[in-house]
Protein chains: 4
Amino acid sequence: MSNKIGEKFQITSFGSSHGTAVGAIVDGCPANLELSVEDIQKELDKRKPGTSSVTTPRKESDEVKILSGIFEGKTDGTPITGVVFNKNQHSKDYSMFKDTPRPSHGDYGWMTKYGNYDYNGGGRGSGRVTIGHVIGGAVAKKLLETQNIEVISHVTQIGDIKAEQHPYDEIKNNIEMNPVRCADLEAAKEMEELIVAKKQEGDSVGGIVETIAINIPAGLGEPVFERLDGDLARILMNIGAVKGVEIGLGFDVANKSASEINDEYYIENNTVKTKTNNSGGIIGGMSNGMPIISRIAVKPTPSISKCQDSINLEKMENKKIEIKGRHDPCICPRVTVVAESSTAIILADHMIRSGFINPSNLNE
Amino acid sequence: MSNKIGEKFQITSFGSSHGTAVGAIVDGCPANLELSVEDIQKELDKRKPGTSSVTTPRKESDEVKILSGIFEGKTDGTPITGVVFNKNQHSKDYSMFKDTPRPSHGDYGWMTKYGNYDYNGGGRGSGRVTIGHVIGGAVAKKLLETQNIEVISHVTQIGDIKAEQHPYDEIKNNIEMNPVRCADLEAAKEMEELIVAKKQEGDSVGGIVETIAINIPAGLGEPVFERLDGDLARILMNIGAVKGVEIGLGFDVANKSASEINDEYYIENNTVKTKTNNSGGIIGGMSNGMPIISRIAVKPTPSISKCQDSINLEKMENKKIEIKGRHDPCICPRVTVVAESSTAIILADHMIRSGFINPSNLNE
Amino acid sequence: MSNKIGEKFQITSFGSSHGTAVGAIVDGCPANLELSVEDIQKELDKRKPGTSSVTTPRKESDEVKILSGIFEGKTDGTPITGVVFNKNQHSKDYSMFKDTPRPSHGDYGWMTKYGNYDYNGGGRGSGRVTIGHVIGGAVAKKLLETQNIEVISHVTQIGDIKAEQHPYDEIKNNIEMNPVRCADLEAAKEMEELIVAKKQEGDSVGGIVETIAINIPAGLGEPVFERLDGDLARILMNIGAVKGVEIGLGFDVANKSASEINDEYYIENNTVKTKTNNSGGIIGGMSNGMPIISRIAVKPTPSISKCQDSINLEKMENKKIEIKGRHDPCICPRVTVVAESSTAIILADHMIRSGFINPSNLNE
Amino acid sequence: MSNKIGEKFQITSFGSSHGTAVGAIVDGCPANLELSVEDIQKELDKRKPGTSSVTTPRKESDEVKILSGIFEGKTDGTPITGVVFNKNQHSKDYSMFKDTPRPSHGDYGWMTKYGNYDYNGGGRGSGRVTIGHVIGGAVAKKLLETQNIEVISHVTQIGDIKAEQHPYDEIKNNIEMNPVRCADLEAAKEMEELIVAKKQEGDSVGGIVETIAINIPAGLGEPVFERLDGDLARILMNIGAVKGVEIGLGFDVANKSASEINDEYYIENNTVKTKTNNSGGIIGGMSNGMPIISRIAVKPTPSISKCQDSINLEKMENKKIEIKGRHDPCICPRVTVVAESSTAIILADHMIRSGFINPSNLNE
């Protein structure tokens, strides 16, 4: 099993839901980036459950410790290791899941492929594992900030409720004002109601998360196989629960003509711009200097308390399953933090790979 | 610029539209696979333009030569090099594109990032470069055939015309019967008419291409960062003109509840199956043994003869552009071959990486 | 900075001498390998200083903790994280080394390349960092044991004292009986005396470490660029203090004729063998089934208390340096553990890469 | 089988002795490097056999063709493909080698690991395959020249004849004046006589090749696992016939004290220098600005006409073998070109990886 992502700016993630710890090594961050434990804790706090009506009521105090990589308040070029020790990890009996995979949950693969699966709390298949993504993303975001690059993710749809589009600054502001992390405050209320209703039914609901990155230089990504859109699509599709990724207009291009959606060029203040941004900031696999916009389809959390058909893999016979517990009725609000982190990791990686940031020393 | 994809089964692509040749090295194919030049030529012929009303009328005789890797009719474990020499490559004057990027075409990135761009016929940004993908895909498909795995791509939407769903065998049969490579023969006719109409307007239209892979063992892909869905999303998004990728239900998961779409398990003939396949054959990043189903959004070819606003990068001033020439009014039918090849490459790679195929010798 | 080695069986190392911790993630170890914290501690204890007259008198209690990757006494396919927390790391003043590189010590590169160097105790340039190698090597050795593969390193030369050659079983036995880890017990005594004499002079001395791996199947390694000899040479040369690597006869081939040293084949018990093993178990980049034998040249520890010429990098002026402290007068005995670990890591990696061990599950 | 080397500046090699062609793709060379087919041909001509008394009398006209990657006399950032088509490849009967491995020749591994081995002329195990290395090295050397970096390899020992050390400029001049490529012209004559004598005996002899690279900036390489010395050791050990690699003093460090060999620092013209260069330009895995000096042990060509013991793998029985043909009685003079190329590839790769050369465009 490979647990790394990125080429020059590289994350290696480890740990499982109910093991000793979860965390990540961030390797390849140049020296001389100001970085504190608070920079990472701040991002982890955003993904923490138990903070609102729309997430699981489970309380998890995810306190990160830095084991290496920072010297006198700055990175020193060596690997940055962030660890969150798990607490209360033996509080519950998960043995009913030992041989019985949950419908549409990843555990079937874990059980059959590896043959020794820590089924407690989902093990390494748990959403808790995204703590590693967020540690990596926090470092990436700090690194991108030195180049004025910002990355932000927000919820644009939950079930059949769609948010109106808002300008960047409003998105940034509004998502902090509601538990759904949606920029359209009216839609946010309806979304919240829908999620609470699903929770009461013992069901869950899906949605869409959009990510916007601004102040990107033209020329990130390579035009054939290490394209920026391909690398973004990969890391976003790698997030559990994601079943679709689109850039710019995405699937809407299917019923459009080129004359309707081509992004025409013009010069403004000696800078190249496009009149529209249907390409979502990437053409030919390379950034063109416009904001990079992606959207991901997030499926409803598969763990629901309704009775479902499953099997016992040990006995190879059919079996019913009811998954009790406090699961997220909608994972989208928490996925925003992971999408933001994932996007930041790829952008940081390509900023180094394309020569915009010195690979060893930020002061060079 | 990196021009390779795959880890164990690896393609390195080279060449440009109007240079001496285009092609690819396929490295990591195990020895003892029966392989002939015809196996590769057959796939290349499918992507060849000039064969119907719906593609560009440009004739390209893409005859492949094998420079290495086959001994006595079988692969010998060494790199397989396939080359197509370009013909008539100096037939036209492309100098108008030297400093003037085409709206929504990748050439802007090439011009600004590399600073020495072969603008003739799109250079390495040309669709002709997918010859390398198809060479790789042809070898991958032969390798997958030894495991009974089949991969097929077909058009499911052009503009606002959507095809009805058909069973696998009908798809396989019907796509050979119409130039659009659509399984719904009635829709195919309408699609063809729409494309011809767009051609006459000097415009182009987008669409959707679906890929189905069958007889996949459970356990391909790794559950965190080298997931099968992530790797498929990357290679598919890397195809020029693709702006979205989805697996299984894709973006339709957004307004669904888990109780509606969870794939429940059952045992049939001592084999694990799911009642539905909304997951598209992949959960938790790993194949689950059900057919793998992906869909890509293909934008309308950006090169159109309508007048558009662009710029002159040398003079940094605004400039109009009209792109004369014989461009594909809809690239979807030809993209099917590239999507099929790309999917086959990733599947072959993961079959080796996950230990289903010996990396050195097919007879082991 | 990249801190990983191996392709399928991959080590990512982290930490520095006087930071919070040192350790490594072992990624890619198949599930179902029996593994305990003692298996790792046992190897770490071998490299621990302060245990004899020939190492530094510094006491380091290197107690490893496992943060992830083991479930019910066996690996579960997920990353194995081993950590040793540093103790007493602020016991000494290293500020004299802040801007003054030690002759032939790596710190000059750290200072100039990264520009924010934790100079305390050598920082990440310290030999303490090889704890990560040994954690990785301990897991690798357990994995290799399941295939009956053994790896052993021993000292064959210190200064001008050369050990007589001994058979494998005697080497294995004898190295545990003397602090130099030399198989020739008489030479070992002389070596010990030489090292103690060098210590009293405030100087240090070099030597040679040989590594033998037995029960290797034929066919590890690939014949052009991912050769087994090349990969071994890399990981061994990557050990600090190593200035030369040889396989089999090594530099002695230079004044030999082919007729003297060619390894002739014969059949014994339906098995292919060679009469001699001048190739050291590897020809054409691939193992041939004979024992793999390598030798490394280890330079004298550069940190000595004699007065030396150096510079102040901040002021860019010449400056004398005397390096007080308790340094190893000869690093060879402790390097044996690192060479053993490094060799085991590469062999485990190639056993998986070449298909001899299933990448996911040892029971498959 | 993987056939690539390098990370950012990457060579993928292909082809076999008696197949259609041999060659390489050079991927990752930045755009705007002036490059002509003559630049590559010039290097290939140096490794060509049949040019003197000390090489095989086989004539090989190795004329390279460039299939891609150059536009208007300069690289354009796309992969550079160089091909040499083989001639007269069916001139001889090699069937006696089909099942009978030559002692100490790589063919045993090819036969057993891949099971479909092109035994004609050694197939891909032939020295002819180093044409790919030399194509890559030629591009690397041109790229390094833009940074004033020079790389040169020369013979320092053949059998028991050792050359006196010479200053860099004399080495550069003298090696062109004798077929052995040795800087000591008197020793060169004796070496030539020894080689001719070995040829007449139907035997062969080994030697040592030294490589010097000058004008290297400090800071190439990374200090733990992607060290410059490790990467050089790997690529040099990957050359067929090489059994040992050393940097700087190499194996002579074993019987030295630190006080004898530490490289003391001083400031000259505001530049950091070392009084001696026993480290061979690399400490702590990173270049220190002094010349990089490596030495490789080259074994005698294993293919000799004397009768040797071997086996028939098909019948699994013992068998004598006499290898008739025109083999190099000493491969060292031709290995110089391959060592030079290999060193240049790694240096070019690290110049890009460490941020000294822009990865996309030499003009940036």
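Residues numbered from 1 in each chain as written. Chains lettered and ligands numbered in written order. Predicted model: local features only at pLDDT ≥ 70, side-chain atom pairs only at ≥ 80, totals over all residues. Heavy atoms only, no water.

Chain A is annotated in an unreviewed UniProt entry as Chorismate synthase from Methanobrevibacter millerae. You can read under Sequence similarities (unreviewed entry) in the UniProt record for chain A the words "Belongs to the chorismate synthase family." We quote the UniProt Catalytic activity (unreviewed entry) comment for chain A here in full: "5-O-(1-carboxyvinyl)-3-phosphoshikimate = chorismate + phosphate". (UniProt positions renumbered as here; feature names shortened; annotations may be inferred.)

The next subject is the overall build of chain A. Helix and strand counts for chain A stand at eight helices and 18 strands. Scaling as 2.2 N^0.38, a compact globule of 364 residues should have a C-alpha radius of gyration of about 21 Å, and chain A matches this with 21 Å. Summarising its shape, the C-alpha atoms of chain A cover approximately 70 × 50 × 40 Å along the three principal directions. Relative to its 364 residues, chain A shows a buried fraction of 69%. For chain A, the share of sequence-separated contacts (at least 6 apart) that also reach a separation of at least 24 residues comes to 70%. Here chain A displays about 11700 Å² of accessible surface, and carbon together with sulfur accounts for 44% of that area. (Helix = DSSP H or I, 4+ residues; strand = E, 2+ residues; numbered from the N terminus. Rg over C-alpha atoms; globule rule 2.2 N^0.38 Å. Buried < 20%, exposed > 50% of the residue type's maximum accessible area, 1.4 Å probe, protein only. Contact = heavy atoms within 4.5 Å. Areas by Shrake-Rupley, 256 points an atom, 1.4 Å probe, with all protein chains shown as cover.)

Here we take up the UniProt feature "binding site: NADP(+)" (unreviewed entry) in chain A. All names here are of chain A. This chain's UniProt record puts "binding site: NADP(+)" (unreviewed entry) on R47. Take R47: it is sitting in helix α1 (residues 37–47). Judged by its relative accessible area of 3%, R47 is buried. Contact partners of R47, with chain neighbours within four places excluded, come to D62, G127, R128, T130, I131, V134, R334 and V337.

Now for the sheet that holds strand β1 (residues 4–5) of chain D. All names here are of chain D. Taken together, five strands build an open sheet; the order of strands is β1-β2-β3-β7-β4 and the sheet is antiparallel. Among the strands making up the open sheet, the edge pair consists of β1 and β4 (64–68). Running over the sheet, helix α1 (residues 37–47) touches β4 and β7 (80–85) and is turned about 140° from β4. (Pairing = 2+ DSSP bridges. Axes fitted to C-alpha atoms, helices over the stretch in contact; angles between N-to-C directions.)

Let's shift gears to the interface of chain D and chain A. Listed by partner, the interface residues are eight residues for chain D and eight residues for chain A. Carbon and sulfur atoms make up 37% of the area that chain D and chain A hide from each other, which totals about 520 Å². For the chain D face of the interface with chain A, the top three residues by lost area are K8(D), R353(D) and P359(D), together amounting to 54%. Summed over the shared surface of chain D and chain A, the number is zero salt bridges. On inspection of chain D and its partner chain A, the count reaches two residue pairs in polar contact (both at pLDDT 80 or more). Counted by class, the side of chain D that touches chain A contains one nonpolar, three polar and four charged residues. (Buried area = accessible area lost by both parts, 1.4 Å probe. Salt bridge = Lys/Arg side-chain N within 4 Å of Asp/Glu carboxyl O. Polar contact = N/O pair within 3.5 Å; in protein donor to acceptor, adjacent residues only side chain to side chain. Nonpolar A, V, L, I, M, F, W, Y, C, P; charged D, E, K, R; others polar.)

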